[in-house]
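Notes for the structure review
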Amino acid sequence: MSQLSLRLSSQFRDWFKGLPKAAADALPVRLGASGFSRTPSQPQRVHGFDQPLLWVTVTLLAWGLVMVYSASIAMPDNPRFAKYDHNFFLVRHAAFLCVAFVAALISFQIPMGTWERWAPWLFIASLLLLVAVLIPGVGRVVYGARRWLPLGIMNFQPSELAKFAVVIYASDYMVRKMEVKENFLRAVLPMAVAVAVIGVLLLAEPDMGAFMVIAVIAMGILFLGGVNARVFFLISTILLTAFTLMIALSDWRRERIFAYLDPWSEKHALGKGYQLSHSLIAIGRGEIFGVGLGGSIEKLSWLPEAHTDFLLAVIGEEFGLVGVVCVIGLFFWLIRRIMHIGRQAIALDRLFAGLVAQGVGLWMGFQTFINMGVNLGALPTKGLTLPLMSFGGSAILWNLVALAVVLRVDFENRQLMHGVRV
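These numbers were taken from a predicted model, which means no experiment stands behind them.

**Here's the deal with the overall build of the protein**
Each helix and strand in the protein was counted, giving 13 helices and three strands. Expressed as a percentage of its 422 residues, the buried residues of the protein come to 48%. In the protein, 68% of the contacts between residues at least 6 apart in sequence involve partners at least 24 apart. Working note: accessible area of the protein is about 21100 Å², and carbon and sulfur atoms make up 67% of it.

**Regarding the packing of aromatic side chains**
One pass over the full model with this rule turns up 13 aromatic pairs. Aromatic side chains Tyr84 and Phe88 sit 4.3 Å apart centroid to centroid with 10 degrees between the ring planes, which places their arrangement in the stacked category. A residue is classified by how much of its surface remains accessible, and Tyr84, at 26% relative accessible area, is partly exposed. Judged by centre distance (5.7 Å) and plane angle (80 degrees), the ring pair of Tyr84 and Phe89 falls under edge-to-face. Among the residues examined, Phe89 registers a relative accessible area of 6% and is labelled buried. By the ring-pair criterion, three or more aromatic residues cluster together here, those being Tyr84, Phe88, Phe89, Phe96 and Phe391.

**A few points about the packing of helix 2 (residues 51–72) against helix 11 (residues 311–347)**
For the pair helix 2 and helix 11, interaxial distance at closest approach is 10 Å and the crossing angle is 155 degrees. Our classification of the angle between helix 2 and helix 11 gives roughly antiparallel. Crossing of helix 2 against helix 11: the hand is left-handed.

**Let's talk about the packing of helix 5 (residues 158–176) against helix 12 (residues 351–375)**
Helix-helix packing is described using two parameters, namely the angle between the two axes and the distance between the axes. In the contact formed by helix 5 and helix 12, the axes pass within 9 Å of each other and the chain directions differ by 145 degrees. Along this stretch, helix 5 crosses helix 12, giving a crossing that reads as right-handed. Of the residues in helix 12, those in contact with Glu160, Lys163, Phe164, Val167, Ile168, Ser171, Asp172, Met174 and Val175 of helix 5 are Leu351, Phe352, Leu355, Val356, Gly359, Val360, Trp363 and Gln367. In the contact of helix 5 with helix 12, the residues fall into 11 nonpolar, three polar and three charged.

**Details of the pattern of salt bridges**
Where charged atoms of side chains with opposite charge meet at close range, the side chains can pair. Scanning the entire structure with this criterion turns up eight salt bridges. The salt bridge involving Arg337 is made with Asp50; its shortest N-O contact spans 2.3 Å. Remark: Asp50 occurs in the loop between helix 1 (2–16) and helix 2 and Arg337 occurs in helix 11; sequence separation between them is 287 residues. Where Arg285 meets Glu317, a salt bridge forms, and the shortest distance between an N and an O atom there is 2.3 Å. Of this pair, Arg285 sits in helix 10 (residues 274–286) while Glu317 sits in helix 11, and the two are 32 residues apart along the sequence. One salt-bridge network, held together by shared partners, links Arg350, Arg408 and Glu412.

**Focus: the environment of Ala74**
Mapped onto the elements of the fold, Ala74 is located in the loop between helix 2 and helix 3 (88–108). As for Ala74 and Asn87, which are separated by 13 residues in sequence, their C-alpha atoms are 9.5 Å apart.

**Overview of the side chain of His278**
Here His278 shows up in helix 10. When neighbours within four sequence positions are excluded, His278 is seen to be in contact with Glu298, Trp302 and Leu303.

**Topic: helix 11**
For helix 11, built from 37 residues, the straight-helix expectation of 54 Å at 1.5 Å per residue is missed by more than 12%, its first-to-last C-alpha distance being only 38 Å. Along its length, helix 11 shows its largest kink, about 130 degrees, at Phe319.

**Looking at the side chain of Ser126**
For Ser126, the location among the structural elements is in helix 4 (residues 112–132). Ser126 gets classed as buried once you look at its relative accessible area, which sits at 0%. Separated by 2.6 Å, the side chain of Ser126 and the backbone oxygen of Phe123 make a polar contact. What Ser126 contacts, discounting residues up to four positions off in sequence, is Leu161, Ala162 and Ala165.

**Overview of the sheet that holds strand 1 (residues 140–142)**
Taken together, the three strands give an open sheet; going across it, the order is 1-2-3, and neighbouring strands pair in antiparallel fashion. Two strands close off the open sheet at either side, each with one partner strand: strand 1 and strand 3 (155–156). Here two bridges tie strand 2 (residues 145–150) to strand 3, and the two strands are oriented antiparallel to one another. Paired with Pro150 across the bridge in strand 3 is Asn155.

**Considering the nonpolar core**
With 114 residues, the main nonpolar core has Phe164 and Met389 as its most contacted residues. Residue contributions to this core peak at 14 residues, all from helix 11. Setting aside residues no more than four positions away along its own chain, Phe164 makes contact with Trp115, Leu122, Trp363, Trp398, Val401, Ala402 and Val405.

**A short note on unusual backbone geometry**
Here the amide bond leading from Glu205 into Pro206 is cis, since omega sits at -5 degrees, within 30 degrees of zero. Structurally, Pro206 is set in the loop between helix 6 (184–203) and helix 7 (208–224). Despite not being glycine, Glu287 has its phi angle at roughly 50 degrees, a positive value. Inspection of the secondary structure puts Glu287 in the loop between helix 10 and helix 11. At Leu388, a position not held by glycine, the phi torsion is positive, near 70 degrees. You can see Leu388 is positioned in the loop between helix 12 and helix 13 (393–417). Owing to a relative accessible area of 1%, Leu388 belongs among the buried residues under this scheme.

The rules behind these values
Residues numbered from 1 in each chain as written. Predicted model: local features only at pLDDT ≥ 70, side-chain atom pairs only at ≥ 80, totals over all residues. Heavy atoms only, no water. Helix = DSSP H or I, 4+ residues; strand = E, 2+ residues; numbered from the N terminus. Buried < 20%, exposed > 50% of the residue type's maximum accessible area, 1.4 Å probe, protein only. Contact = heavy atoms within 4.5 Å. Areas by Shrake-Rupley, 256 points an atom, 1.4 Å probe, with all protein chains shown as cover. Phe/Tyr/Trp six-rings, centres within 6.5 Å; stacked < 30°, edge-to-face > 60°. Axes fitted to C-alpha atoms, helices over the stretch in contact; angles between N-to-C directions. Parallel < 35°, antiparallel > 145°, perpendicular 65-115°, else oblique. Left-handed = near helix turned anticlockwise from the far one by under 90°. Nonpolar A, V, L, I, M, F, W, Y, C, P; charged D, E, K, R; others polar. Salt bridge = Lys/Arg side-chain N within 4 Å of Asp/Glu carboxyl O. Expected span 1.5 Å × (residues − 1). Bend = angle between axes of the 7 residues up to and from the residue. Polar contact = N/O pair within 3.5 Å; in protein donor to acceptor, adjacent residues only side chain to side chain. Pairing = 2+ DSSP bridges. Core = buried A, V, L, I, M, F, W, Y, C linked by side-chain atoms within 4.5 Å.

Okay, here's the thing in structure tokens:
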């Protein structure tokens, strides 16, 4: 037995004789203090949140800042904006981005459990502000619509807060009503009444576009929360009927539909169809590769609201079809990632967080779809900005807060998957 032991030890010594000390690490077993392999494994760095989502957001914000400057640089040549400097909208938009960035950083620090507790109060606050904006002397009237609260350094638009509040409140509502989600009277009707109250306040401004977005957010969250398909189609039918009646009973809304159907007619070309016709001219001039950054003709006081609602038309003119496709691709990727984060949260049994993320995805996706459809002549003209890109303090602020909350959802998902208690 001792001879066998000596032979084995001698053989082991021969194997490693003349080899560097680290050679023993090649064996798949631990020898003394040696590791399992020649090259010790390095722990992979786990990012705290979805960094590609962050960088796509930054790309859209940066491109939007450039395009706001390009679209607004000639506006002081118009007598209406003669008191403004050529850099006025650029400086304002950059300031809005800074304020929104700080608000997003603060929002990211707030746990989703806290947002869930705040949901009813946030919804009530949005209702109070929607009421306040309708009070004469309090709300500011622009182009016949009373939608803004003047705050000195900026005009605050309560409808943007209402979109975010509905995302949070509807998600919390579905979590609370999960056991009775098949019951129309107990699960759906109270939420429908809440949305109807917001709708009445928004239509009084008037702001039908914001009401459409809020209705789609609420309906989408109810559907994603598991509401019965028959109930969902019933809600859809009621909403479509309501919007049809709003258009049929309003002369100026009806005229806008007729102008959309034939924007080039003699009656509409200089009236309700003016914005759409010049948007189509701008996109047509861009062709495939565009006329170059800064080379737009339509932004020279021809296309109204070029820096807000019709920013995509200026992008189409200056960057062509390639630019428009790039914008569409960036938004598609952004919304796809947001929805994926929501599904991941639901898979981890975090229903509220998952519904919030998917609600933000619905908000961004539907508003982007409407704005792009209007610019391309596929949908009637509506006063909805392009998220993250168009000029507007309130919109940028709440867009970034909403995306910060989505990143918080992803951050908590990753913590949970790595065994950290959320």
